[in-house]
Amino acid sequence: MPLVVLSVLLHRFGLVSGDRFLVIIGLGGVVALLAVTVSLMALARLWQTGDRGWNRALFGLILGLVCLAPYLWYGQLALHYPPVTDIATTQRDALPLIFEAGTADMPAPRLLTAEQIASTFPNVVSRTYRLSQTQIFEIVSQLVEDNGWTMRRSTPPGGSGQPGRINAQTMTWPGWREEIVLAVTGNDDSATVDMRSASLNAPHDFGSNGLRIESFLRALDEAVTTALRDAAGTAPPAADDVEDEAIPPVTTEGDAAAT
């Protein structure tokens, strides 16, 4: 139990490096597996001999299973999601990470092909909305704050179609830092949102980056739909005999290609 819990806490607080964390957490898994094995052997022997010690054997088995649970959880995630550490809705060069101490020493990212992204994370696609670039940037900024991500840099849209960009960071339960980059391009009539999520130094994201992008973009779709409905409800009709116009749908790159 101390090996598993303390190693995670030390990694989350940055007191051990990622390489050392992998060694310690691996050792914790071995000890937990050994505890379960020895407990089962003890229970089998107690069943045969009728000796005392059931409470200790059962307690050791329960603690061992509790410590093994995270390994089993991440094991099934590793089987379900391909090994990847960096996912984006567009070219990664258009969504740069913040360069800081340790960034240069990051291992090469593990990427997926466009076909793999489409099959595993089908909602990881650019979004285009019928709202102005400034409005979309404000909605995106609010969603980043609502998610509790640490804002590292926020550049509002400038003139002449200058894109707005946000860099934020979050941390997974084992203590791996992951950076989120959002870019909002467009004009006064429409705006396009692209997103990137990358693990910093982690060997495998266990699906966190792709799931994070899908979850954020779904929330963004809902927020924009609400904003469009509110705008349609407050706008005065052009004439009494003109029916209310339908809210323009949210479009993605996949929809654009289909049309």
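Scroll up for the structure.
These notes cover the structure that comes with them. (Residues numbered from 1 in each chain as written. Predicted model: local features only at pLDDT ≥ 70, side-chain atom pairs only at ≥ 80, totals over all residues. Heavy atoms only, no water.)

### Observations regarding the layout of surface pockets
1) Next: In this structure, the largest pocket encloses a volume near 800 Å³.
2) Next: Around the largest pocket, the lining is made up of 32 residues, and of these Tyr74, Thr172, Trp173, Pro174 and Phe206 lie nearest the centre.
3) Next: Here the lining of the largest pocket is composed, by residue class, of 22 nonpolar, seven polar and three charged. (1 Å grid on protein atoms, 1.4 Å probe; cavity = no way out; pocket = protein on both sides within 12 Å on 5 of 7 lines; lining within 4 Å. Points joined across faces, edges and corners; volume = space filled by probe spheres on them. Nonpolar A, V, L, I, M, F, W, Y, C, P; charged D, E, K, R; others polar.)

### Some points on the nonpolar core
1) Next: Residues Ile136, Val140, Leu182, Phe216 and Leu220 are the most contacted members of the largest nonpolar core, which totals 31 residues.
2) Next: Listing elements by their share of this core, those giving two or more residues are helix H5 (133–146), strand E4 (164–171), strand E5 (177–186), strand E6 (191–199) and helix H6 (208–234).
3) Next: Counting residues in each nonpolar core, the second largest holds 14 residues, with Ile25, Leu43, Ala57 and Trp176 among its members. (Core = buried A, V, L, I, M, F, W, Y, C linked by side-chain atoms within 4.5 Å. Buried < 20%, exposed > 50% of the residue type's maximum accessible area, 1.4 Å probe, protein only. Helix = DSSP H or I, 4+ residues; strand = E, 2+ residues; numbered from the N terminus.)

### Some details on the pairing of E5
1) Next: The buried fraction of E5 is high, at seven of 10 residues.
2) Next: Direction of pairing for E4 relative to E5: antiparallel, over a ladder of eight bridges. Paired with Gly164 across the bridge in E5 is Val184.
3) Next: Two successive antiparallel strands, E4 and E5, enclose a turn made up of five residues, where Gly175 displays a positive phi of approximately 105°.
4) Next: Summarising the sheet, E5 and E6 pair through nine bridges and their orientation is antiparallel. The residue bridging Ile180 from the neighbouring strand is Ser197, located in E6. (Pairing = 2+ DSSP bridges.)

### Description of H5
Along an α-helix, residues three or four apart share an orientation, since each turn contains 3.6 residues.
1) Next: Over its 14 residues, H5 runs 20 Å from end to end, which matches the ideal 20 Å to within 8%, given 1.5 Å per residue.
2) Next: Looking at H5, one finds that the buried residues are Gln133, Ile136, Phe137, Ile139, Val140, Ser141, Leu143 and Val144.
3) Next: One or two residues past the end of H5 sits Gly148, with phi positive at roughly 75°. (Expected span 1.5 Å × (residues − 1).)

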